[in-house]
Amino acid sequence: QSALTQPASVSGSPGQSITISCTGTSSDVGGYNYVSWYQQYPGKVPKLMIYEVSNRPSGVSNRFSGSKSGNTASLTISGLQADDEADYYCSSYTIIRTPVVFGGGTKLTVL
Amino acid sequence: QVQLQESGPGLVKPSQTLSLTCTVSGASIDSGTYYWSWIRQPAGQGLEWLGRIYTTGNTNYNPSLKSRGTISVDTSKNQFSLRLSSVTAADTAVYFCARESGDSLAFDIWGQGTMVTVSS
C-alpha cells in the first residue's frame, strides 16, 4: 500500500482543466515542500513535471501547475490535450520509514 | 547532457542475487549534490523507491527490502549498483536508476529502465 493516496483515475475533455490530488500526512506532504510530480506514458520512463510543490523544470509546459494545502498536494493540468493522457505519480520527502515515498499513481484519460 | 543507463541480467533464478549497474555519462557521479537512486515498477503497478546512495557513500534503503538490498558506488567507473539477494517472483519488475537532486529531492534524470524477471 502506497503511503501517498492518489485517485486511481481521472478524466477530462480536451481544453478542460483537471486536478489530481496526492494526500499524505504531516510527516510528508504536509510537513515539507518537497513534493514532486511525474508523468509516465505506458512502457516509458517517468518524467519530472513539478518539483518542490509548484516549480516546473525547464521545458515543461505552463499548463502544468502544482499546489499544496495541508496534507494534500495537487497537480492541475489546464487546457487538456490528447497527449496529456498518461499516468501521473506524486512523491514526497518523508520522515517515516524511508526518505522518499510515491503515490499509487493516477491514470488520466482524455475523453 | 547527463544520461543514466542500467545494465544487468534480465533473468534471475529464485533465491539468487539480482545485480544491476547504472552507468552515468555526461557528468561525474561525484560532482554536485545528488543522490543516486534505484526505483522499480512491477508490471501494471506503481513506482517503488528502493534506496539511494550519496556521493559520500551514505546509503538509505526501503525497509520493505528487509535488508536484502545493497547499493554501492564506483566513482572510478562513474557507476552505481544495486544488489538484491534472495529474490522471489515478487521482485520481478522494471528497475530504474535515477538521479535525485539534493536540493529539490526530485528525480530529475532517469535511466531507460531494465526488465528483470525472477523465474526458474
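The preceding data block contains the structure.
Residues numbered from 1 in each chain as written. Chains lettered and ligands numbered in written order. Predicted model: local features only at pLDDT ≥ 70, side-chain atom pairs only at ≥ 80, totals over all residues. Heavy atoms only, no water.

Draft legend 1. Up close: the overall build of chain B. A count of helices and strands for chain B gives 0 helices and 11 strands. Secondary structure of chain B in N-to-C order comes out as β-β-β-β-β-β-β-β-β-β-β. In terms of C-alpha radius of gyration, chain B reaches 14 Å, essentially the compact-globule figure of 14 Å for 120 residues. Within chain B, buried positions represent 44% of all 120 residues. For chain B, contacts bridging at least 24 residues in sequence account for 54% of all contacts bridging at least 6. Total accessible area computed for chain B in this model is approximately 5300 Å², and 45% of it derives from carbon and sulfur atoms. Each charge class in chain B can be summarised by its mean position, and for the 8 positive and 8 negative side chains these summaries are 11 Å apart. (Helix = DSSP H or I, 4+ residues; strand = E, 2+ residues; numbered from the N terminus. Rg over C-alpha atoms; globule rule 2.2 N^0.38 Å. Buried < 20%, exposed > 50% of the residue type's maximum accessible area, 1.4 Å probe, protein only. Contact = heavy atoms within 4.5 Å. Areas by Shrake-Rupley, 256 points an atom, 1.4 Å probe, with all protein chains shown as cover. Lys, Arg positive; Asp, Glu negative; His and termini not counted. Charge placed at Lys NZ, Arg CZ, Asp CG, Glu CD.)

Draft legend 2. Region of the structure containing the packing of aromatic side chains. Following the criterion strictly, the structure yields 13 aromatic pairs over all chains and no others. Taken together, a centroid distance of 4.9 Å and an interplanar angle of 85 degrees make the contact between Tyr32(A) and Tyr93(A) edge-to-face. Of this pair, Tyr32(A) sits in the loop between strand S2 (18-23) and strand S3 (35-40) while Tyr93(A) sits in strand S7 (residues 86-93), placing them 61 residues apart in sequence. Assessed through its relative accessible area of 24%, Tyr93(A) is described here as partly exposed. On the basis of an interplanar angle of 45 degrees and a centroid distance of 5.0 Å, the ring pair of Tyr35(B) and Tyr54(B) is categorised as tilted. In this pair, Tyr35(B) is assigned in strand S4 (residues 34-41) and Tyr54(B) in strand S5 (residues 48-54), connecting sequence segments 19 residues apart. Members of the aromatic cluster, joined through ring pairs, are Tyr38(A), Phe102(A), Phe96(B), Phe107(B) and Trp110(B). Sitting over the ring of Tyr35(B), Arg52(B) keeps its end group 3.7 Å from the ring centre. Over the face of the ring belonging to Tyr34(B) we find Arg99(B), whose NZ or CZ atom lies 3.8 Å from the ring centre. (Phe/Tyr/Trp six-rings, centres within 6.5 Å; stacked < 30°, edge-to-face > 60°. Lys NZ or Arg CZ within 6 Å of the ring centre and 35° of its normal.)

Draft legend 3. Seen up close, the side chain of Ser92(A). Residue and element names in this part refer to chain A. As for its position among the elements, Ser92 is in strand S7. For Ser92, the side chain forms a polar contact with the main-chain nitrogen of Val29, separated by 3.4 Å. Once you skip the residues sitting within four places of it in the chain, Ser92 turns out to touch Leu4, Asp28, Val29, Tyr34, Val35, Pro99, Val100 and Val101. (Polar contact = N/O pair within 3.5 Å; in protein donor to acceptor, adjacent residues only side chain to side chain.)

Draft legend 4. Layout of the pattern of salt bridges. Residue and element names in this part refer to chain B. The full count for this structure, using the stated rule, is 6 salt bridges over all chains. Between Arg40 and Glu48 there is a salt bridge; the shortest N-O distance is 2.7 Å. The salt bridge partner of Arg68 is Asp91, with a shortest N-O separation of 2.9 Å. One end of the pair, Arg68, is in the loop between strand S6 (59-61) and strand S7 (69-74); the other, Asp91, is in the loop between strand S8 (79-84) and strand S9 (93-101), with 23 residues separating them in the sequence. By relative accessible area, Asp91 is classed as buried at 2%. A single network of salt bridges, built from pairs that share partners, joins Arg40, Glu48, Arg68 and Asp91. (Salt bridge = Lys/Arg side-chain N within 4 Å of Asp/Glu carboxyl O.)

Draft legend 5. Spotlight on the interface of chain A and chain B. Contact residues are listed per partner, giving 18 residues for chain A and 24 residues for chain B. Taken together, the two surfaces of chain A and chain B that pack against each other cover about 1700 Å², and 69% of this comes from carbon and sulfur. Together, Val45(A), Val100(A) and Phe102(A) form the three largest contributors to the area buried by chain A at its contact with chain B, with a combined 30%. At the junction of chain A and chain B, the tally comes to 0 salt bridges. Linking chain A with chain B are 4 residue pairs in polar contact (both at pLDDT 80 or more), by the criterion used here. For the side of chain A that touches chain B, the secondary structure elements donating two or more residues are S3, S7 and strand S8 (100-102) of chain A. Among the elements that make up the side of chain A that touches chain B, the one with the highest residue count is S3(A) (3 residues). (Buried area = accessible area lost by both parts, 1.4 Å probe.)

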